[in-house]
Amino acid sequence: MTSRPVVGIDLGGTNMQIGVVDADLRVVGRIKRKTKAALGLDAVVERLVEGVDRACDDAGIDRSSLSAVGAGIPGAIDVLKGLEHQALAGH
């Protein structure tokens, strides 16, 4: 276990929830926002990055202090490439 905070992302087709968890497994920052999937993959990724920054702001930390980020994403994952199949369909 690391002493540095981690981020968890729940990415859905309509909403995303992002939380910062400290070494004691306490949620110390969080944000919920619309996914806006209709805007395309690049826009969703940009919203994710902004969401991580906002959750870190809520936790009172800088993104550079994170030790890891994990994400739950609906759909099939290409284990070798590490990419979600549906997200790649349009690219």
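The model shown is predicted, which means the values in this text are computed figures rather than measured ones. (Residues numbered from 1 in each chain as written. Predicted model: local features only at pLDDT ≥ 70, side-chain atom pairs only at ≥ 80, totals over all residues. Heavy atoms only, no water.)

J.: What am I meant to see in the pairing of strand β2 (residues 15-21) here?
T.: Strand residues, when the strand is regular, have side chains that alternate between the two faces of the sheet. Sheet topology note: the strand β1 (residues 6-11)/β2 ladder contains six bridges and is antiparallel. Bridged to I9 within β2 is I18. With antiparallel pairing between neighbouring strands as the criterion, β1 and β2 make up a hairpin whose turn holds three residues. Note that β2 and strand β3 (residues 27-34) share seven bridges and pair antiparallel. Within β3, the residue paired with M16 across the bridge is R33. In this structure, the hairpin formed by β2 and β3 is closed by a connection of five residues, where L25 is found at a positive phi of approximately 65 degrees. (Pairing = 2+ DSSP bridges. Helix = DSSP H or I, 4+ residues; strand = E, 2+ residues; numbered from the N terminus.)

By themselves these figures say nothing about function.
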